[in-house]
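# Per-entry structural report
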Amino acid sequence: MSGGVRHYPGFAAIAALCLAILYLPLGVVAVYSFNASTSITAWGGFSWRWYIDVFQGPEAPRFRAAAWNSVTIAFLAASVATAIAVAAAVAMVRSGRFRGKSATFALISLPLMVPEIVTAVATLIFFSTIGLTPGYLTILIAHITFCIPFAYLPVAARLSGIDPAFEAAARDLYASRGQAFRLILLPLLAPGIVSGWLLAFIISLDDFIITNFVKGAGMETLPTAIFGSVKQGIKPNIMAISTMLLAVSILFVTLSWLAGRTGRRAAAPS
Amino acid sequence: MAAAGPAPGAARGPAVPGDRPLTLPLLLPAWAVIGVFLVVPVGLMVVYSFLTQGFRGGVIWEFSLAAYDRFFLDRGLFGDEPPRLEWTYIAVFWRSLWQAGLATLTCLIVGFPTAWFIATRPARSRTAWAFLITVPYWVNLLIRTVSLRFLIRDQGPVNQALIALGLTDAPIQMLNTDFAVQLGLFYSYLPFMVLPIYAAVERYDFALSEAAADLGASRWVALREVVIPSVRPGIVAGCLLVFIPSLGAFLAPDLLGGAKTYMIGSLIEDQFKGSLGNWPFGAAVSVILLSMVLVALLFYARNQAREGRA
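Here goes a summary of the coordinates provided. (Residues numbered from 1 in each chain as written. Chains lettered and ligands numbered in written order. Predicted model: local features only at pLDDT ≥ 70, side-chain atom pairs only at ≥ 80, totals over all residues. Heavy atoms only, no water.)

## Observations concerning the overall build of chain A
Looking only at helices and strands, chain A features 13 helices and zero strands. Starting at the N terminus and ending at the C terminus, chain A contains elements arranged as α-α-α-α-α-α-α-α-α-α-α-α-α. When the backbone C-alpha atoms are referred to their principal axes, chain A occupies close to 70 × 70 × 30 Å. Taking all 270 residues of chain A together, 56% fall into the buried category. Within chain A, contacts between residues at least 6 apart in sequence are counted, and of these 73% link residues at least 24 apart. Only carbon and sulfur atoms are counted for the fraction: they give 70% of the accessible area of chain A, which is about 11500 Å². (Helix = DSSP H or I, 4+ residues; strand = E, 2+ residues; numbered from the N terminus. Buried < 20%, exposed > 50% of the residue type's maximum accessible area, 1.4 Å probe, protein only. Contact = heavy atoms within 4.5 Å. Areas by Shrake-Rupley, 256 points an atom, 1.4 Å probe, with all protein chains shown as cover.)

Now the structure itself:
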């Protein structure tokens with residue numbers, strides 16, 4: 001009978017509708033990216049031609065340059081942001097109460113609270129004032145900044161589930177601080193670090209608004225290249241690129257989610 | 001474990017007595033990066049909103065209230081008439097506010113039943129559902145918006161389906177309307193509504209619903225009188241997480257709406273595009289948007305504090 005109060009008629013249908021709404025547009029784009037026809041309206045049979053076009057067509061050099069920028073920036077931004085986030089998480093979770101703790105947490109979450117367009121404007125103004133020419137470096141710096149909270153949250157969540165007794169035991173057995181961190185804490189923390197890095201990577205890879213403001217002329221990442229093309233109409237090769245980017249995001253989120261689950265029980269306080 | 005010697009104390013201090021605390025050096029990189037590259041820029045943005053417009057973008061470092069004057073006051077075509085309230089930009093904000101508000105409401109109407117449904121599944125399928133709702137959030141927002149644009153074009157799959165079903169003879173124009181913007185905002189931020197409510201319902205004690213039922217409340221009365229007050233923090237968090245990004249949204253209005261659905265995000269973007277822009281004005285509009293977000297966050301913080309006391 002306990003199921004009785006949990007059941008509301010119609011809620012299941014709405015949940016199913018919700019999933020359909022979330023996935024249908026993505027599915028349609030993925031299907032049409034395999035359309036053999038040049039027209040984006042009519043279905044002309046299955047084909048890989050637009051994927052071949054992305055890699056070998058007239059626009060291939062532009063896409064390749066944009067992809068290189070996107071992937072290298074995402075890799076560097078995620079790595080630097082994760083290193084900063086791990087250091088911050090160790091201090092926040094392991095230092096108990098200290099003055100400025102909640103202010104620090106607010107600071108770390110700040111990139112999530114300021115609307116993206118405002119961050120974009122502020123960052124552009126900042127780089128313009130200090131005279132840094134918009135380009136690769138300005139995009140990288142902006143991405144490192146907004147990736148920090150995304151890397152921080154999974155790391156901190158993981159760390160608060162690891163019993164401090166593990167490190168204390170290592171210290172009791174004459175491990176140095178560095179050794180206790182490297183040999184004990186780091187392996188236990190690894191799934192959280194992987195999870196945070198992956199999330200930071202896709203957040204950087206996907207960013208459009210901030211990148212669009214600080215990229216400068218002639219510099220493109222995949223999202224800005226896609227945006228530029230879409231303004232002139234949605235071409236099938238853009239759907240192929242979008243589908244590939246979609247696949248990368250879904251793969252990375254899944255990996256991040258799996259990493260977040262592994263060994264959670266092993267490290268938890270008994 | 002709690003009773004086993006000094007280990008629990010380790011959480012509140014150095015693992016070994018005499019260790020120098022490393023809190024400061026560990027936090028320094030995060031403080032430095034976010035401080036220098038976000039807090040300082042936002043401060044600078046406020047300063048820029050009080051400067052004079054440069055000739056080809058940029059600013060001249062002279063104090064001026066021109067940006068706020070332009071936002072709020074209409075001094076006629078030649079600037080010599082007595083100032084009246086300027087409605088152009090207030091109207092843009094008003095449109096953004098109701099678009100964001102309506103999107104929040106539709107997200108709530110769809111998101112609450114979804115979150116409830118997920119939270120009442122058995123543990124295994126619950127995780128799977130929550131994962132399925134999360135994935136679209138991590139998918140490129142630009143691509144999601146483009147896919148909607150593709151879907152609702154005049155010749156798009158939705159119109160083709162409607163015509164094939166005989167529901168309409170000619171394509172219904174959906175792109176470049178308020179409806180398209182609504183759909184875009186709803187679609188972009190729906191996961192933000194579902195997840196916090198799901199987390200709240202998961203902690204909800206269903207015995208309360210049973211008690212309500214035993215006392216003769218119908219399930220809808222129980223929902224209104226017992227469930228919703230209990231999961232209110234989740235609902236408030238979800239509404240805020242949808243409302244704030246919707247208010248400053250750029251992609252949905254730009255790619256789905258037309259000139260008629262001009263919102264704050266586009267107004268800001270235009271001020272920094274090419275040499276025709278007006279940086280102090282763009283900065284001023286951003287400052288006004290940020291202040292509105294801060295008000296919403298303060299409202300949230302106060303609300304959370306009240307829930308905490310209750």
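## Things to note about the overall build of chain B
Along chain B, the regular secondary structure elements total 14 helices and four strands. Here the C-alpha radius of gyration of chain B, 25 Å, is well above what a compact globule of 310 residues would show, namely 19 Å. Projected onto its principal axes, the C-alpha coordinates of chain B cover approximately 75 × 75 × 35 Å. For chain B, buried positions account for 48% of its 310 residues. (Rg over C-alpha atoms; globule rule 2.2 N^0.38 Å.)

## Some thoughts on the interface of chain B and chain A
How big an interface is tends to be reported as the loss of accessible area on association of its parts. The partner chain A presents 89 residues to the 93 residues of chain B that form the contact. When chain B packs against chain A, close to 8400 Å² is buried across both sides, 79% of that on carbon and sulfur atoms. Across the contact surface, chain B and chain A share one salt bridge. A:Lys231 serves as the salt-bridge partner of B:Asp254, at 2.7 Å between the closest nitrogen and oxygen. Joining chain B to chain A, the criterion identifies 11 residue pairs in polar contact (both at pLDDT 80 or more). Here the side of chain B that touches chain A gets 18 residues from one element, more than from any other, and that element is helix α2 (residues 23–48) of chain B. The class makeup of the residues in the side of chain B that touches chain A is 70 nonpolar, 13 polar and 10 charged. (Buried area = accessible area lost by both parts, 1.4 Å probe. Salt bridge = Lys/Arg side-chain N within 4 Å of Asp/Glu carboxyl O. Polar contact = N/O pair within 3.5 Å; in protein donor to acceptor, adjacent residues only side chain to side chain. Nonpolar A, V, L, I, M, F, W, Y, C, P; charged D, E, K, R; others polar.)

## A few points about the pattern of salt bridges
All names here are of chain B. Using the criterion set out here, one finds 11 salt bridges over all chains in the structure. Measuring nitrogen to oxygen at the nearest pair gives 3.2 Å for the salt bridge that ties Arg224 to Glu225. Here Arg224 falls in the exposed class, since its relative accessible area comes to 54%.

## Observations concerning empty space enclosed by the protein
The final tally for this structure, using the stated rule, is two cavities of 30 Å³ or more. In this model, the largest cavity occupies a volume close to 40 Å³. Of all elements in the fold, only α6 (116–130) and α7 (136–160) of chain A together with α2 of chain B reach the threshold of two or more residues within the lining of the largest cavity. Examining the composition of the lining of the largest cavity, we find that three residues originate from one element, α7(A), more than from any other. Considered class by class, the residues forming the lining of the largest cavity number six nonpolar, three polar and no charged. Roughly 40 Å³ of internal volume is contained in the second largest cavity. (1 Å grid on protein atoms, 1.4 Å probe; cavity = no way out; pocket = protein on both sides within 12 Å on 5 of 7 lines; lining within 4 Å. Points joined across faces, edges and corners; volume = space filled by probe spheres on them.)

## What to know about the packing of helix α4 (residues 60–94) of chain A against α2(B)
With their axes 8 Å apart at the nearest point, α4(A) and α2(B) run at an angle of 135° to one another. Here α4(A) lies oblique to α2(B), going by the angle between them. At the point where α4(A) passes α2(B), the crossing takes the left-handed sense. Facing α4(A), whose interface residues are A:Ile84, A:Ala87, A:Ala88, A:Val90, A:Ala91 and A:Met92, α2(B) presents B:Thr23, B:Leu26, B:Leu27, B:Pro29, B:Ala30 and B:Val33. Taken together, the residues of the contact of α4(A) with α2(B) break down into 11 nonpolar, one polar and no charged. (Axes fitted to C-alpha atoms, helices over the stretch in contact; angles between N-to-C directions. Parallel < 35°, antiparallel > 145°, perpendicular 65-115°, else oblique. Left-handed = near helix turned anticlockwise from the far one by under 90°.)

## Here we look at a nonpolar patch on the surface
Residue and element names in this part refer to chain A. On the surface, Val31, Trp43, Phe46, Trp48 and Ile52 cluster together into a nonpolar patch covering about 580 Å² of accessible area. Looking at the secondary structure, you find Trp43 in the loop between α2 (11–32) and α3 (49–56). Judged by relative accessible area, Trp43 falls into the partly exposed class, the value being 45%. (Patch = residues over 30% accessible without salt bridge, like charges linked within 9 Å, V, L, I, M, F, W, Y side chains within 5 Å.)

## Thoughts on the nonpolar core
In terms of nonpolar packing, the biggest core is built from 179 residues, with A:Ile125, B:Met45, B:Phe112 and B:Trp116 touching the most fellow members. Residue contributions to this core peak at 15 residues, all from α4(A). Contacts of B:Phe112, omitting those with residues within four sequence positions, involve A:Phe11, B:Cys107, B:Ile197, B:Leu223, B:Val227, B:Ile228, B:Val231 and B:Ile235. (Core = buried A, V, L, I, M, F, W, Y, C linked by side-chain atoms within 4.5 Å.)

## Description of unusual backbone geometry
Positive phi, normally seen in glycine, also occurs at A:Tyr174, with a value near 70°. The residue A:Tyr174 is located in the loop between α8 (165–172) and α9 (177–206) in this model.

## Topic: the environment of B:Ile34
Looking at the element boundaries, B:Ile34 is found in helix α2. Not counting chain neighbours up to four residues away, the residues in contact with B:Ile34 comprise A:Leu107, A:Ile108, A:Pro111, A:Thr145, A:Ile148 and B:Val39.

## Let's talk about the state of the cysteines
By the definition in use, this model includes zero disulfides over all chains. Looking at the unpaired B:Cys239, the closest cysteine sulfur is the one in B:Cys107, lying at 8.9 Å. (Disulfide = S-S within 2.5 Å.)

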